[in-house]
Amino acid sequence: MSQPQQLPEILEEGSEINIVCHNNPDPDCLASALALGRIAAAAGIDEQRILYSGDISHQQNRAFVNLLDIDLKPFDPTTVQNRKPDSLLAFVDHSIPGENNTVPPDTAVDIVIDHHPAEDIDARFVDHREELGAAATILTEYVRILDIDLDSDLATALLFAIRSDTLDFLRGATPEEYDAAGYLHEKADQEMLRQLSTPSVSGGTLDAISTAIDNRNITQAVLISHVGRTTERDALPQAVDYLVRLEGVQTAIVFGLVDDTIHISARSPDARVNAGSILKKAFEDVGSGGGHHDVAGGEIPLGIFADYTSDDTQLLDIVEQVITARLVAELNLSDEKGE
């Protein structure tokens, strides 16, 4: 029996399912949650909740939720603590309690479907495929094999998620992504796909990207920059996606301060540099970091930095020095700088 055929056996034990997204969920996570909710409904679960922590701040993510009318609810830890035996807990597009989510560590998880690098995944049902470009690819396979009704909204969500996570099939795409896209294409709403692909951009996002451009430093084909303090957390991945295209750059890392957390986003088309490993090793003692070899992210609580000074300008200078020094050391960069 294949894994898609085994999943309904777990689902049929439940009266409800809490599908927890990772922090600040993106289209891949949201579409995967939507698909798992449909699969759970087909298995007889009437109550499906999609839960998230953080913000839906990226303009593309907001458009995704609004246009597809996805019913999201803020995650409350009490939801998964002391739950009844037939209340199921599922993770999509992430896998470990307490890592890129606010689920208490050591919480028992029933279902994990993910494509991000991870170790020691503990759940009753696990489908973990690091080789794939998107979690939505896995969920598309499940929808197909389990003969779940594929309406326009679900097809659009899954297809856009695959396109988004693979940069329109230019990053990490495998034959499975192309096969899934071919299956979804006929039912997808092409006009909605166009709207999702061209959302409006806020002035705050443009300001953050501009700051990252101005602050860039390049050493040995590695670009490191920061956006200072911003309210636009999702401006960081947009800035790094832009800067990694700069001529002569093979790896780009952008960080910034959002509220009381330092966020980091990295891109590395260079096969010699594993971005996920770099961020994990550089910051695992003070926060969290990881991801794929070419796409990665990290978060560091402001913590002790905030104790140094109440002056925000000085605080940003300290953060810039410490984060840059850790990255330079982990990447074995010399002191010479380009731009």
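It should be noted that the structure appears before, not after, this text.
As a starting point, this report considers the structure included with it. (Residues numbered from 1 in each chain as written. Predicted model: local features only at pLDDT ≥ 70, side-chain atom pairs only at ≥ 80, totals over all residues. Heavy atoms only, no water.)

1. Brief notes about the sheet that holds strand 10 (residues 261-267)
Taken together, the 6 strands give an open sheet; going across it, the order is 7-8-9-10-12-11, and neighbouring strands pair in mixed fashion. Pairing within the sheet leaves two strands with one partner each, and these edge strands are strand 7 (217-219) and strand 11 (288-291). If you compare each strand with its neighbour and ignore which way they point, the axes differ by 15° on average. Direction of pairing for strand 9 (residues 251-258) relative to strand 10: antiparallel, over a ladder of 7 bridges. Across the sheet, Phe-255 pairs through a bridge with Ile-264, a residue of strand 10. Sheet contacts for helix 10 (residues 275-283): strand 10, strand 11 and strand 12 (295-301); angle to strand 11, the most-contacted strand, approximately 165°. (Pairing = 2+ DSSP bridges. Helix = DSSP H or I, 4+ residues; strand = E, 2+ residues; numbered from the N terminus. Axes fitted to C-alpha atoms, helices over the stretch in contact; angles between N-to-C directions. Contact = heavy atoms within 4.5 Å.)

2. Thoughts on the pattern of salt bridges
Tallied over the entire structure, the rule returns 18 salt bridges. Note that Arg-49 and Glu-16 form a salt bridge whose closest N and O atoms lie 3.1 Å from each other. Here Glu-16 lies in strand 1 (residues 16-20) and Arg-49 lies in strand 2 (residues 47-52), a separation of 33 residues in the sequence. Of the two residues, Arg-49 and Glu-16, neither departs from the other in class, the shared state being buried. Arg-144 serves as the salt-bridge partner of Asp-179, at 3.0 Å between the closest nitrogen and oxygen. Of this pair, Asp-179 sits in helix 6 (residues 175-185) while Arg-144 sits in helix 4 (residues 135-145), placing them 35 residues apart in sequence. (Salt bridge = Lys/Arg side-chain N within 4 Å of Asp/Glu carboxyl O. Buried < 20%, exposed > 50% of the residue type's maximum accessible area, 1.4 Å probe, protein only.)

3. Some words on the packing of helix 5 (residues 152-165) against helix 6
The contact between helix 5 and helix 6 brings their axes to 9 Å, and the two run at 150°. For the element pair helix 5 / helix 6, the angle class is roughly antiparallel. Every pair of crossing elements has a handedness; the one defined by helix 5 and helix 6 is left-handed. Residue-level inspection shows Ala-155, Leu-158, Leu-159 and Ile-162 of helix 5 in contact with helix 6, the latter providing Glu-177, Ala-180, Ala-181, Leu-184 and His-185. (Parallel < 35°, antiparallel > 145°, perpendicular 65-115°, else oblique. Left-handed = near helix turned anticlockwise from the far one by under 90°.)

4. Considering the side chain of Asn-61
Locating Asn-61 in the fold gives a position in helix 3 (residues 59-67). Relative accessible area serves as the criterion here: at 4%, Asn-61 is assigned to the buried category. Separated by 3.3 Å, the side chain of Asn-61 and the backbone oxygen of Pro-25 make a polar contact. Here Asn-61 is in contact with Pro-25, Asp-26, Pro-27, Ile-56 and Asp-234, once residues within four sequence places are set aside. (Polar contact = N/O pair within 3.5 Å; in protein donor to acceptor, adjacent residues only side chain to side chain.)

5. Focus: the sheet that holds strand 2
The strand order across the open sheet built from 6 strands is 3-2-1-4-5-6, with neighbouring strands paired in parallel fashion. Both edges of this open sheet fall to strand 3 (72-74) and strand 6 (125-128), since each of them pairs with a single strand only. Mean inter-strand twist for the sheet, computed between neighbouring axes without regard to direction, equals 25°. Of the pairings in the sheet, the one linking strand 1 to strand 2 comprises 5 bridges and is parallel in character.

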